[in-house]
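Commentary on secondary and tertiary structure
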Amino acid sequence: MPRHIPGQVTQSVSRLLEGQYIKSPPAWYDATLRHPPVYPPPLSSRVRPDSDLPRSLQSEARKVPHLAANKAGRRSHLNSLKKLRSQLPPLRPQPIVYEGDRIRRQFFRDHPWEAKRPRMLTETDYTLEEPISPTLSRGQVPELYMWSRINPSVEDVVQCTLKTAECTDMSLSQAYRRTIASYHAIHAEREHRMRHAILEARSLGAEFGPTETERGFIKESRELDKWAALNQGVQLEEATETPSKREHRVKRTDMTFTNGAAYMDSAQSLTSGQAVLEQHTASEPTPQPAHTSSPDDYLGIASRG
């Protein structure tokens, strides 16, 4: 049965009874005849309140172009609601932007190597689960050392910048510049403390081993020494092989004291690969020609005869 409005239901049942499609009327039939249902009002669109409309669609703003056109004696170019709506920007969701992300992006733009620097958990003054939130008195300006005195991170800079902009009349850019100045001062103080601690330890007799950078240079110099030996035409196995324990050791007969000059000369020749090359060339026998011929017989015709 198709859908009907309340007033048409009784009429449809009456036609079905006349055509004897229904043998007995329903129980509600007599009641609807005595008290017919009220027809619903005609459908009308809801009018949005003026305060809910954009500024350009409010009643006061819509009167401005019409009044200006009437004073000029011409027709308004926004004489219809459709033309008025065409002046509005498209209604779409705006992107969600957090101020902390803007500060974090600017920080890594100014300090790109901070993202590559390894960080130790002992550098933080607080646990990772409960970040520090300093309590400020009324009128007190936040400082970066309230978050971390040892080595402040980017998150400390973000929180301090937001707190500074919130507690003072500074803009976000001014608060960021103030926090970055404190960040550089804390890092400079930390660098001075480490430098003087190293100098004090060395003055008391401490000896530090090579750093990772120095170890890298040492490995690089070793590879360059191998390359120097290969560049002279010596195979890598021959340049790096160690003398066998079964080889006969020749005792040095020259006991002249040279103040270490002979040792340094041999070390330099070994480093540049010359000693290995000389040993390699000395072990190879010099090939001798099978026969000799006159200098004029360079084609070897006389020897064939």
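To be clear, the structure that these remarks concern was listed above.
Residues numbered from 1 in each chain as written. Predicted model: local features only at pLDDT ≥ 70, side-chain atom pairs only at ≥ 80, totals over all residues. Heavy atoms only, no water.

Concerning the environment of Asp50
Selection rule: Secondary structure follows DSSP: runs of H or I at least 4 residues long count as helices, runs of E at least 2 residues long count as strands, and numbering of each begins at the N terminus. By the convention used here, residues are in contact when the closest approach between their heavy atoms is within 4.5 Å.
One can find Asp50 in the loop between helix 2 (29–34) and helix 3 (59–72). In sequence terms Asp50 and Glu60 are ten residues apart; their C-alpha atoms lie 9.4 Å from each other. Apart from residues lying up to four places away in sequence, Asp50 is in contact with Leu57, Gln58 and Ser59.

A word on the packing of aromatic side chains
Spelled out, the test is: Stacked, edge-to-face and tilted labels apply to pairs of Phe, Tyr and Trp rings (six-membered ring for Trp) whose centres lie within 6.5 Å, assigned for plane angles under 30 degrees, over 60, and everything in between, in that order. When accessible area is computed with a 1.4 Å probe and restricted to protein chains, residues below 20% of their type maximum are described as buried, those above 50% as exposed, and intermediate ones as partly exposed.
What the rule picks out here adds up to two aromatic pairs. Both rings, one in Phe107 and one in Phe108, keep their centres 5.6 Å apart while their planes meet at 80°; by these two values the pair is edge-to-face. Accessibility expressed as a relative area gives 1% for Phe107, which makes it buried. Each member of the aromatic cluster is reached from another via a ring pair, and the members are Phe107, Phe108 and Tyr183.

Thoughts on the packing of helix 5 (residues 99–110) against helix 7 (residues 172–203)
What describes two packed helices is the angle between their axes and the distance between those same axes. Keep this limit in mind: To define axes, lines are fitted to C-alpha atoms, for helices over the stretch in contact only, and angles between the resulting N-to-C directions are given on a 0 to 180 degree scale. By the definition adopted for this analysis, an angle is roughly parallel if under 35 degrees, roughly antiparallel if over 145, roughly perpendicular if from 65 to 115, and oblique otherwise. Each crossing is labelled by how the near helix is turned from the far one, with a counterclockwise turn of less than a right angle marking it left-handed and a clockwise turn marking it right-handed. For this classification, Asp, Glu, Lys and Arg are treated as charged, while Ala, Val, Leu, Ile, Met, Phe, Trp, Tyr, Cys and Pro are nonpolar and the rest, including Gly, are polar.
Closest axis-to-axis distance for the helix 5/helix 7 pair is 12 Å, and the angle between their directions is 45°. Between helix 5 and helix 7, the angle falls in the class oblique. Crossing angle aside, the handedness with which helix 5 passes helix 7 is right-handed. In this structure, helix 5 uses Glu99, Arg102, Ile103, Gln106, Phe107 and Asp110 to contact helix 7, whose residues at the interface are Leu172, Tyr176, Ile180 and Tyr183. Here the residues of the contact of helix 5 with helix 7 sort into six nonpolar, one polar and three charged.

Some thoughts on the pattern of salt bridges
Our working definition: Salt bridge, as used here: a side-chain nitrogen of Lys or Arg that lies within 4 Å of a carboxyl oxygen of Asp or Glu.
For the coordinates displayed, the defined rule picks out seven salt bridges. Residues Arg104 and Asp101 are paired through a salt bridge, measuring 2.9 Å at the closest nitrogen-oxygen approach. In this pair, Arg104 and Asp101 both sit in helix 5, three residues apart, roughly one turn of the helix. We classify Asp101 as partly exposed; its relative accessible area is 34%.

Comments concerning the side chain of Thr10
How we decide: Side-chain atoms alone can form a polar contact between residues adjacent in sequence; in general such a contact is a pair of N or O atoms within 3.5 Å, and within protein one must be able to donate a hydrogen while the other accepts it.
By the secondary structure assignment, Thr10 is in helix 1 (residues 6–18). The class of Thr10 is buried, set by a relative accessible area of 9%. A distance of 3.4 Å separates a polar atom in the side chain of Thr10 from a polar atom in the side chain of Thr32. Leave out the neighbours within four places in its chain, and Thr10 touches Trp28, Tyr29, Thr32 and Leu33.

Notes on unusual backbone geometry
The phi torsion at Gln20 lies on the positive side, around 60°, for a residue other than glycine. Position of Gln20 relative to the elements: it lies in the loop between helix 1 and helix 2.

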